[in-house]
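The residues making up each chain are set out below.
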Amino acid sequence: MEYKVRQSKVMTAVGAAVLIVAGALFGGLMVYAIIQAVSASNSEDLLLHVLVSVCSLLVAISLIGVAIHTIWKYYHVVDIFQKDRLVRMSANKIKYVVLYRDVIKVTRSHFLGECLIICKGPIKMQNGKIASKILMEFYSKTDFLKIQQIIGKCCFVPCDGD
């Protein structure tokens, strides 16, 4: 039995849209600051407008970069809930594996609806790095209920793999 899950389409679309709009606003602020810099009467005004335009450009680029990363993550990151483990795949490579016996709690936030999977200890990535002991992902409510059911079966009933 395998259950493959991606992030919630709605949360991915909303997050990317908000970031793109914010990036566009900072881009517009940058253009406005450049126009004001061209018509600046003294060097202090020129310096202020150049500084505002550079900062706006950096914020706009970073926000649009985060939006692109969010969309990329939706298409390339898949969580596979198997009989006794969670396998995170990123671009067809295993990123990490979490055994259900290492999971303490599976819960869903009421504010944004993100799924929190809390483990006993930190997660060991395939590349040798150590990650947090809390996994947070935006799944649909249906996916969350199925995940809670899969992990709950293994946590409270002995797994065949043990």
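Everything here concerns the structure above.
Rules of the game
Residues numbered from 1 in each chain as written. Predicted model: local features only at pLDDT ≥ 70, side-chain atom pairs only at ≥ 80, totals over all residues. Heavy atoms only, no water. Helix = DSSP H or I, 4+ residues; strand = E, 2+ residues; numbered from the N terminus. Rg over C-alpha atoms; globule rule 2.2 N^0.38 Å. Buried < 20%, exposed > 50% of the residue type's maximum accessible area, 1.4 Å probe, protein only. Contact = heavy atoms within 4.5 Å. Salt bridge = Lys/Arg side-chain N within 4 Å of Asp/Glu carboxyl O. Pairing = 2+ DSSP bridges. Axes fitted to C-alpha atoms, helices over the stretch in contact; angles between N-to-C directions. Expected span 1.5 Å × (residues − 1). Core = buried A, V, L, I, M, F, W, Y, C linked by side-chain atoms within 4.5 Å.

Chemist: Looking at this structure, I do not really get the overall build of the protein. What am I missing?
Modeler: Along the protein, the regular secondary structure elements total 3 helices and 7 strands. Sequence-ordered secondary structure for the protein, helices as α and strands as β, is β-α-α-β-β-β-β-β-β-α. Taken over C-alpha atoms, the radius of gyration comes to 22 Å for the protein, far larger than the 15 Å a tight globule of 162 residues would show. With respect to the principal axes defined by its C-alpha atoms, the protein has extents near 75 × 30 × 25 Å. Within the protein, the fraction of its 162 residues that count as buried is 35%. Nonlocal contacts in the protein, meaning residues at least 24 apart in sequence, comprise 54% of its contacts between residues at least 6 apart.

Chemist: Please explain the pattern of salt bridges as it appears in this structure.
Modeler: Should the charged atoms of two oppositely charged side chains come close, the side chains can pair. Scanning all chains against the criterion turns up 4 salt bridges. For Asp79, the salt bridge goes to Arg88, with nearest N and O atoms at 2.3 Å. Overall, the relative accessible area of 2% leaves Asp79 in the buried class. Assessed through its relative accessible area of 7%, Arg88 is described here as buried. We note a salt bridge from Arg88 to Glu137, for which the minimum N-O separation is 3.0 Å. Taken as a pair, Arg88 in strand β3 (residues 85-90) and Glu137 in strand β7 (residues 134-137) lie far apart in primary sequence, 49 residues in all. Grouping residues by exposure puts Arg88 and Glu137 together as buried. Residues joined in a network through salt bridges with shared partners are Lys73, Asp79, Arg88 and Glu137.

Chemist: Help me understand the sheet that holds β3, please; the structure alone is not making it clear to me.
Modeler: Strand pairing in a sheet relies on backbone hydrogen bonds. The paired strands run either parallel or antiparallel. As summarised here, the arrangement of the 4 strands in space is β1-β2-β3-β4, forming an open sheet in which the pairing is antiparallel. The sheet is open, and its two edges are formed by β1 (3-5) and β4 (93-99), each paired on a single side. Taking the axes of each pair of neighbouring strands and ignoring which way they run, one obtains an average angle of 20 degrees across the sheet. Both β3 and β4 contribute to a ladder of 6 bridges, which runs antiparallel. By the bridge assignment for β4, Arg88 is matched with Tyr96. Along the sheet, helix α2 (residues 43-76) contacts β2 (77-81) and β3; its crossing angle with β2, the most-contacted strand, is approximately 40 degrees.

Chemist: Before we go on, may I ask you to explain helix α1 (residues 9-38) in this structure?
Modeler: An α-helix turns once per 3.6 residues; consequently, residues spaced three or four apart project the same way. The terminal C-alpha atoms of α1 lie 43 Å apart, and with 30 residues this matches the ideal 44 Å at 1.5 Å per residue to within 8%. Where α1 is concerned, the buried positions are Thr12, Ala16, Leu19, Ala22, Gly23, Gly27, Met30, Ala33 and Ala37. In this fold, the buried residues of α1 make contact with α2.

Chemist: Teacher, can you tell me more about the nonpolar core here?
Modeler: Taken as a class, soluble globular proteins show a tendency for nonpolar side chains to be buried jointly. Among the nonpolar cores identified, the biggest contains 20 residues, and Phe81, Val98, Ile117 and Ile151 are the most heavily contacted of them. Elements that contribute at least two residues to this core include exactly β1, β4, β5 (103-108), β6 (115-119) and α3 (141-156). Broken down by element, the residue count for this core peaks at 4 residues, all from α3. Apart from residues no more than four positions distant in its own chain, Val98 is found in contact with Arg85, Leu86, Val103, Cys119, Ile123 and Leu135.

Chemist: Would you take a moment to explain α2 for this structure?
Modeler: A rise of 1.5 Å per residue sets the reference length of α2, with its 34 residues, at 50 Å; its end C-alpha atoms lie 49 Å apart and thus fit the reference within 8%. Those residues of α2 not exposed but buried are His49, Ser53, Ser56, Ala60, Leu63, Ala67, Thr70 and Tyr74. The elements touched by buried residues of α2 are α1 and β2.

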